[in-house]
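# Structural overview for review
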Amino acid sequence: MTRAEQGNETAVVEFIILGLQSIPEVECMLFVIFLVTYITTLSGNLLITVLVVTDHRLHSPMFFFLGNLSFLETCYTSTILPRMLASFLKKKYVISLNGCFLQYFFFTGLAGAECCLLTTMSYDRYIAICKPLHYTTIMNGRCCLQLAGVSWVNGLLASAIVTSLMPQLTFCGPNEIDHFFCDFAPVVKLSCSDTHWIELVTFILASLLTLPPFLLTLISYVCISYTVLRIPSSTGRHKAFSTCSSHLTVVTLFYGTLTVVYLLPKPNTLGDLHKVFSVCYTVLTPLVDPLIYSLRNNNIKKALR
(Lines give C-alpha, C1' and ligand atoms only; values in the text may rest on other atoms or scores of the structure.)
Protein backbone atom coordinates (compact mmCIF):
# COMPACT_ATOMS: atom_id res chain seq x y z
CA MET A 1 0.00 0.00 0.00
CA THR A 2 1.38 3.40 -1.00
CA ARG A 3 1.17 6.09 1.67
CA ALA A 4 2.23 9.73 1.93
CA GLU A 5 3.21 11.56 5.09
CA GLN A 6 0.87 14.42 5.95
CA GLY A 7 1.76 16.21 9.21
CA ASN A 8 1.63 13.74 12.07
CA GLU A 9 -0.81 11.47 10.14
CA THR A 10 -0.19 8.87 7.51
CA ALA A 11 -2.59 9.61 4.67
CA VAL A 12 -3.88 6.96 2.30
CA VAL A 13 -3.29 7.87 -1.35
CA GLU A 14 -4.88 4.79 -2.93
CA PHE A 15 -7.68 2.33 -2.29
CA ILE A 16 -7.98 -1.41 -2.74
CA ILE A 17 -11.36 -2.38 -4.21
CA LEU A 18 -12.28 -5.78 -2.82
CA GLY A 19 -15.14 -6.36 -5.25
CA LEU A 20 -16.71 -9.80 -4.91
CA GLN A 21 -13.58 -11.50 -3.58
CA SER A 22 -15.45 -12.85 -0.56
CA ILE A 23 -16.74 -15.61 -2.85
CA PRO A 24 -13.51 -16.67 -4.65
CA GLU A 25 -14.80 -20.08 -5.69
CA VAL A 26 -16.99 -18.50 -8.37
CA GLU A 27 -14.66 -15.71 -9.53
CA CYS A 28 -13.96 -17.28 -12.94
CA MET A 29 -17.65 -17.80 -13.60
CA LEU A 30 -18.44 -14.24 -12.50
CA PHE A 31 -15.74 -12.86 -14.79
CA VAL A 32 -17.25 -14.62 -17.81
CA ILE A 33 -20.78 -13.53 -16.84
CA PHE A 34 -19.81 -9.88 -16.39
CA LEU A 35 -17.73 -9.87 -19.58
CA VAL A 36 -20.66 -11.21 -21.63
CA THR A 37 -22.98 -8.77 -19.84
CA TYR A 38 -20.73 -5.81 -20.67
CA ILE A 39 -20.40 -6.75 -24.35
CA THR A 40 -24.16 -7.32 -24.63
CA THR A 41 -24.97 -4.06 -22.85
CA LEU A 42 -22.65 -2.05 -25.08
CA SER A 43 -23.96 -3.74 -28.23
CA GLY A 44 -27.64 -3.26 -27.33
CA ASN A 45 -27.41 0.36 -26.23
CA LEU A 46 -25.07 1.44 -29.03
CA LEU A 47 -27.31 -0.29 -31.57
CA ILE A 48 -30.36 1.65 -30.37
CA THR A 49 -28.36 4.90 -30.39
CA VAL A 50 -27.20 4.31 -33.97
CA LEU A 51 -30.72 3.34 -35.10
CA VAL A 52 -32.20 6.51 -33.60
CA VAL A 53 -29.60 8.65 -35.37
CA THR A 54 -29.72 6.94 -38.78
CA ASP A 55 -33.31 5.71 -39.27
CA HIS A 56 -35.72 8.49 -40.32
CA ARG A 57 -38.69 6.57 -38.85
CA LEU A 58 -37.18 7.07 -35.41
CA HIS A 59 -36.72 10.84 -35.72
CA SER A 60 -39.36 11.75 -33.14
CA PRO A 61 -39.18 13.13 -29.57
CA MET A 62 -39.82 9.73 -27.96
CA PHE A 63 -36.93 8.08 -29.79
CA PHE A 64 -34.70 11.13 -29.37
CA PHE A 65 -34.96 10.68 -25.60
CA LEU A 66 -34.53 6.91 -25.98
CA GLY A 67 -31.31 7.52 -27.92
CA ASN A 68 -30.09 9.77 -25.10
CA LEU A 69 -30.97 7.10 -22.53
CA SER A 70 -29.14 4.39 -24.47
CA PHE A 71 -26.02 6.54 -24.89
CA LEU A 72 -26.17 7.45 -21.18
CA GLU A 73 -26.32 3.81 -20.14
CA THR A 74 -23.41 2.98 -22.47
CA CYS A 75 -21.31 5.51 -20.56
CA TYR A 76 -22.81 4.44 -17.23
CA THR A 77 -21.94 0.77 -17.54
CA SER A 78 -18.46 1.63 -18.89
CA THR A 79 -17.79 3.49 -15.65
CA ILE A 80 -18.30 0.33 -13.56
CA LEU A 81 -17.74 -2.89 -15.49
CA PRO A 82 -14.22 -2.49 -16.99
CA ARG A 83 -12.73 -1.88 -13.51
CA MET A 84 -14.76 -4.75 -12.08
CA LEU A 85 -13.42 -7.09 -14.78
CA ALA A 86 -9.89 -5.88 -14.06
CA SER A 87 -10.34 -6.66 -10.36
CA PHE A 88 -11.22 -10.27 -11.25
CA LEU A 89 -8.06 -10.61 -13.36
CA LYS A 90 -5.72 -8.96 -10.86
CA LYS A 91 -7.39 -10.52 -7.81
CA LYS A 92 -6.81 -7.18 -6.08
CA TYR A 93 -7.61 -3.89 -7.76
CA VAL A 94 -5.75 -0.74 -6.64
CA ILE A 95 -7.13 2.68 -7.55
CA SER A 96 -5.78 6.11 -6.65
CA LEU A 97 -7.83 8.61 -4.65
CA ASN A 98 -8.31 10.83 -7.69
CA GLY A 99 -9.24 7.84 -9.82
CA CYS A 100 -11.78 6.77 -7.21
CA PHE A 101 -13.29 10.28 -7.03
CA LEU A 102 -13.43 10.44 -10.84
CA GLN A 103 -15.28 7.13 -11.03
CA TYR A 104 -17.73 8.33 -8.40
CA PHE A 105 -18.28 11.58 -10.33
CA PHE A 106 -19.26 9.82 -13.55
CA PHE A 107 -21.28 7.10 -11.82
CA THR A 108 -23.33 9.55 -9.73
CA GLY A 109 -23.65 12.15 -12.47
CA LEU A 110 -24.96 9.64 -15.00
CA ALA A 111 -27.33 8.08 -12.45
CA GLY A 112 -28.73 11.53 -11.62
CA ALA A 113 -29.05 12.37 -15.31
CA GLU A 114 -30.98 9.13 -15.82
CA CYS A 115 -33.48 10.10 -13.10
CA CYS A 116 -34.15 13.39 -14.89
CA LEU A 117 -34.18 11.80 -18.35
CA LEU A 118 -36.75 9.17 -17.32
CA THR A 119 -38.95 11.99 -16.01
CA THR A 120 -38.55 13.83 -19.32
CA MET A 121 -39.62 10.69 -21.18
CA SER A 122 -42.70 10.35 -18.97
CA TYR A 123 -43.57 14.00 -19.70
CA ASP A 124 -43.26 13.26 -23.42
CA ARG A 125 -45.70 10.35 -23.06
CA TYR A 126 -48.05 12.55 -21.00
CA ILE A 127 -48.20 15.19 -23.75
CA ALA A 128 -48.61 12.54 -26.47
CA ILE A 129 -51.55 10.81 -24.75
CA CYS A 130 -53.23 13.56 -22.75
CA LYS A 131 -52.70 16.48 -25.17
CA PRO A 132 -52.22 14.88 -28.60
CA LEU A 133 -53.41 17.93 -30.59
CA HIS A 134 -50.68 20.07 -29.02
CA TYR A 135 -47.93 17.45 -29.11
CA THR A 136 -46.01 18.67 -32.16
CA THR A 137 -46.23 22.26 -30.93
CA ILE A 138 -45.02 21.56 -27.40
CA MET A 139 -42.46 18.83 -28.10
CA ASN A 140 -40.62 20.62 -30.87
CA GLY A 141 -36.93 20.18 -31.58
CA ARG A 142 -35.83 23.08 -29.38
CA CYS A 143 -37.87 21.84 -26.42
CA CYS A 144 -36.47 18.31 -26.77
CA LEU A 145 -32.88 19.59 -26.83
CA GLN A 146 -33.52 21.78 -23.78
CA LEU A 147 -35.12 18.95 -21.78
CA ALA A 148 -32.33 16.51 -22.64
CA GLY A 149 -29.66 19.13 -21.92
CA VAL A 150 -31.15 20.02 -18.53
CA SER A 151 -31.26 16.32 -17.60
CA TRP A 152 -27.56 15.85 -18.36
CA VAL A 153 -26.50 19.12 -16.70
CA ASN A 154 -28.53 18.51 -13.51
CA GLY A 155 -26.98 15.10 -12.90
CA LEU A 156 -23.40 16.08 -13.69
CA LEU A 157 -23.61 19.38 -11.77
CA ALA A 158 -24.90 17.75 -8.59
CA SER A 159 -22.22 15.07 -8.87
CA ALA A 160 -19.53 17.71 -9.42
CA ILE A 161 -20.55 19.50 -6.21
CA VAL A 162 -20.21 16.37 -4.07
CA THR A 163 -17.03 15.18 -5.81
CA SER A 164 -15.37 18.57 -5.31
CA LEU A 165 -15.89 18.18 -1.55
CA MET A 166 -14.50 14.64 -1.28
CA PRO A 167 -10.77 15.56 -1.65
CA GLN A 168 -11.13 17.64 1.52
CA LEU A 169 -11.67 14.44 3.50
CA THR A 170 -8.70 12.76 5.22
CA PHE A 171 -8.10 9.05 4.75
CA CYS A 172 -5.60 7.53 7.18
CA GLY A 173 -6.45 3.82 6.94
CA PRO A 174 -7.72 1.23 6.38
CA ASN A 175 -7.82 1.59 2.59
CA GLU A 176 -9.97 -1.39 1.51
CA ILE A 177 -13.33 -0.57 -0.11
CA ASP A 178 -15.73 -3.45 0.52
CA HIS A 179 -17.55 -2.90 -2.76
CA PHE A 180 -16.91 -3.36 -6.47
CA PHE A 181 -16.73 0.36 -7.29
CA CYS A 182 -16.21 3.71 -5.53
CA ASP A 183 -19.68 4.41 -4.19
CA PHE A 184 -20.25 7.21 -1.67
CA ALA A 185 -21.02 5.22 1.48
CA PRO A 186 -18.10 2.73 1.42
CA VAL A 187 -15.62 5.51 0.54
CA VAL A 188 -16.77 8.00 3.18
CA LYS A 189 -16.82 5.18 5.74
CA LEU A 190 -13.01 4.98 5.42
CA SER A 191 -12.47 8.67 6.20
CA CYS A 192 -10.98 9.55 9.57
CA SER A 193 -12.22 13.16 9.42
CA ASP A 194 -15.66 14.62 10.12
CA THR A 195 -18.06 13.53 7.36
CA HIS A 196 -21.37 14.93 8.62
CA TRP A 197 -21.29 17.98 6.37
CA ILE A 198 -20.56 16.09 3.16
CA GLU A 199 -23.18 13.47 4.07
CA LEU A 200 -25.72 16.27 4.57
CA VAL A 201 -24.89 17.90 1.22
CA THR A 202 -25.04 14.54 -0.53
CA PHE A 203 -28.38 13.69 1.08
CA ILE A 204 -29.89 17.03 0.00
CA LEU A 205 -28.65 16.76 -3.59
CA ALA A 206 -29.63 13.09 -3.86
CA SER A 207 -33.12 13.93 -2.58
CA LEU A 208 -33.48 16.75 -5.12
CA LEU A 209 -32.34 14.49 -7.95
CA THR A 210 -34.56 11.53 -7.10
CA LEU A 211 -37.70 12.55 -5.21
CA PRO A 212 -39.03 15.38 -7.46
CA PRO A 213 -38.34 13.42 -10.69
CA PHE A 214 -40.01 10.34 -9.20
CA LEU A 215 -43.07 12.32 -8.10
CA LEU A 216 -43.33 14.04 -11.50
CA THR A 217 -43.09 10.66 -13.22
CA LEU A 218 -45.76 9.26 -10.90
CA ILE A 219 -48.07 12.24 -11.56
CA SER A 220 -47.56 11.87 -15.32
CA TYR A 221 -48.62 8.23 -15.24
CA VAL A 222 -51.61 8.96 -13.02
CA CYS A 223 -52.79 11.49 -15.64
CA ILE A 224 -51.98 9.04 -18.45
CA SER A 225 -53.95 6.25 -16.74
CA TYR A 226 -56.93 8.54 -16.20
CA THR A 227 -56.92 9.56 -19.87
CA VAL A 228 -56.45 6.01 -21.16
CA LEU A 229 -59.32 4.66 -19.02
CA ARG A 230 -61.63 7.25 -20.57
CA ILE A 231 -61.01 5.93 -24.10
CA PRO A 232 -64.20 4.08 -25.08
CA SER A 233 -62.73 1.23 -27.15
CA SER A 234 -60.51 -1.48 -25.69
CA THR A 235 -58.36 -1.36 -28.83
CA GLY A 236 -57.76 2.34 -28.34
CA ARG A 237 -56.87 1.85 -24.69
CA HIS A 238 -54.43 -0.93 -25.55
CA LYS A 239 -52.79 1.14 -28.30
CA ALA A 240 -52.45 4.19 -26.06
CA PHE A 241 -50.98 2.24 -23.15
CA SER A 242 -48.60 0.25 -25.37
CA THR A 243 -46.80 3.48 -26.31
CA CYS A 244 -45.63 3.95 -22.71
CA SER A 245 -45.52 0.40 -21.33
CA SER A 246 -41.79 -0.02 -22.11
CA HIS A 247 -40.91 3.21 -20.37
CA LEU A 248 -43.07 2.32 -17.37
CA THR A 249 -41.27 -1.02 -17.08
CA VAL A 250 -37.86 0.69 -17.18
CA VAL A 251 -38.93 3.27 -14.56
CA THR A 252 -40.20 0.53 -12.24
CA LEU A 253 -36.97 -1.45 -12.61
CA PHE A 254 -34.75 1.62 -12.12
CA TYR A 255 -36.46 3.04 -9.04
CA GLY A 256 -37.12 -0.43 -7.59
CA THR A 257 -33.44 -1.38 -7.58
CA LEU A 258 -32.48 2.14 -6.46
CA THR A 259 -34.77 1.79 -3.44
CA VAL A 260 -33.39 -1.62 -2.48
CA VAL A 261 -29.77 -0.44 -2.70
CA TYR A 262 -29.95 2.95 -1.00
CA LEU A 263 -33.09 3.16 1.14
CA LEU A 264 -33.51 -0.24 2.77
CA PRO A 265 -31.48 -1.01 5.94
CA LYS A 266 -28.13 -2.70 5.33
CA PRO A 267 -27.22 -4.98 8.26
CA ASN A 268 -23.62 -6.19 8.40
CA THR A 269 -24.80 -9.76 7.98
CA LEU A 270 -26.26 -8.90 4.56
CA GLY A 271 -23.14 -7.19 3.16
CA ASP A 272 -22.72 -9.62 0.25
CA LEU A 273 -26.45 -9.52 -0.48
CA HIS A 274 -26.28 -5.73 -0.64
CA LYS A 275 -23.50 -6.01 -3.24
CA VAL A 276 -25.70 -8.37 -5.26
CA PHE A 277 -28.50 -5.78 -5.22
CA SER A 278 -25.96 -3.16 -6.31
CA VAL A 279 -25.06 -5.37 -9.27
CA CYS A 280 -28.73 -5.39 -10.26
CA TYR A 281 -28.81 -1.60 -10.14
CA THR A 282 -25.52 -0.85 -11.88
CA VAL A 283 -25.16 -3.79 -14.29
CA LEU A 284 -28.45 -5.54 -15.04
CA THR A 285 -30.60 -2.42 -15.54
CA PRO A 286 -28.48 -1.07 -18.46
CA LEU A 287 -28.49 -4.62 -19.89
CA VAL A 288 -32.25 -5.19 -19.93
CA ASP A 289 -33.36 -1.67 -20.88
CA PRO A 290 -32.53 -2.01 -24.62
CA LEU A 291 -34.13 -5.47 -24.60
CA ILE A 292 -37.34 -4.05 -23.12
CA TYR A 293 -37.55 -1.28 -25.71
CA SER A 294 -36.58 -3.46 -28.69
CA LEU A 295 -38.99 -6.28 -27.79
CA ARG A 296 -41.99 -4.03 -27.03
CA ASN A 297 -41.64 -1.32 -29.67
CA ASN A 298 -42.71 -2.08 -33.23
CA ASN A 299 -40.75 0.85 -34.70
CA ILE A 300 -37.54 -0.44 -33.13
CA LYS A 301 -38.27 -3.92 -34.49
CA LYS A 302 -38.81 -2.53 -38.01
CA ALA A 303 -35.61 -0.49 -37.81
CA LEU A 304 -33.68 -3.58 -36.66
CA ARG A 305 -35.00 -5.58 -39.62
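Look above for the structure.
So, here's what we can say about the structure. (Residues numbered from 1 in each chain as written. Predicted model: local features only at pLDDT ≥ 70, side-chain atom pairs only at ≥ 80, totals over all residues. Heavy atoms only, no water.)

### Comments concerning the state of the cysteines
Applying the stated criterion across every chain, the model contains 2 disulfides. Between the sulfur of C100 and that of C182 lies a disulfide, 2.1 Å long from S to S. Torsion about the S-S bond of the C100 and C182 cystine: about -125 degrees, corresponding to left-handed handedness. Of this pair, C100 sits in helix α3 (residues 97–130) while C182 sits in the loop between β5 (176–177) and α6 (184–188), placing them 82 residues apart in sequence. Exposure remark for C100: the relative accessible area of 1% places this residue in the buried category. Taking the relative accessible area as the measure of exposure, C182 reaches 1% and is therefore buried. The connectivity of the disulfides in the protein chain is 1-3, 2-4, where the numbers refer to bonded cysteines in sequence order. With no disulfide of its own, C116 lies 6.6 Å from the sulfur of C115, the closest cysteine sulfur. (Disulfide = S-S within 2.5 Å. Helix = DSSP H or I, 4+ residues; strand = E, 2+ residues; numbered from the N terminus. Buried < 20%, exposed > 50% of the residue type's maximum accessible area, 1.4 Å probe, protein only.)

### As for the environment of T257
Tracing the chain through its elements places T257 in helix α8 (residues 234–262). Judged by relative accessible area, T257 falls into the buried class, the value being 13%. In this structure the C-alpha to C-alpha distance between T257 and T285, which are 28 residues apart in sequence, comes to 8.5 Å. Apart from the residues within four sequence positions on either side, T257 is in contact with C280, Y281 and T285. (Contact = heavy atoms within 4.5 Å.)

### A short note on the layout of surface pockets
Here the second largest pocket is characterised by a volume of approximately 300 Å³. Forming the boundary of the second largest pocket are 12 residues, of which K239, S242, T243, N297 and N298 lie nearest the centre. Mapped onto the lining of the second largest pocket, the elements with two or more residues apiece are α2 (61–90), α8 and α10 (298–304). Considering every element that reaches the lining of the second largest pocket, the biggest residue donor is α8, with 5 residues. Its residues assigned to classes, the lining of the second largest pocket comprises 3 nonpolar, 6 polar and 3 charged. (1 Å grid on protein atoms, 1.4 Å probe; cavity = no way out; pocket = protein on both sides within 12 Å on 5 of 7 lines; lining within 4 Å. Points joined across faces, edges and corners; volume = space filled by probe spheres on them. Nonpolar A, V, L, I, M, F, W, Y, C, P; charged D, E, K, R; others polar.)

### What to know about the packing of helix α7 (residues 196–229) against α8
Two numbers describe how α7 lies on α8: the axes approach to 11 Å, and their chain directions differ by 155 degrees. Classified by the interaxial angle, the pair formed by α7 and α8 is roughly antiparallel. Read as a crossing pair, α7 and α8 show a hand that is left-handed. Contacts between α7 and α8 involve T210, P213, F214, T217, Y221, I224, V228 and L229 from the first element and R237, A240, C244, H247, L248, V251, Y255 and L258 from the second. Of the residues assigned to the contact of α7 with α8, the class counts are 12 nonpolar, 3 polar and 1 charged. (Axes fitted to C-alpha atoms, helices over the stretch in contact; angles between N-to-C directions. Parallel < 35°, antiparallel > 145°, perpendicular 65-115°, else oblique. Left-handed = near helix turned anticlockwise from the far one by under 90°.)

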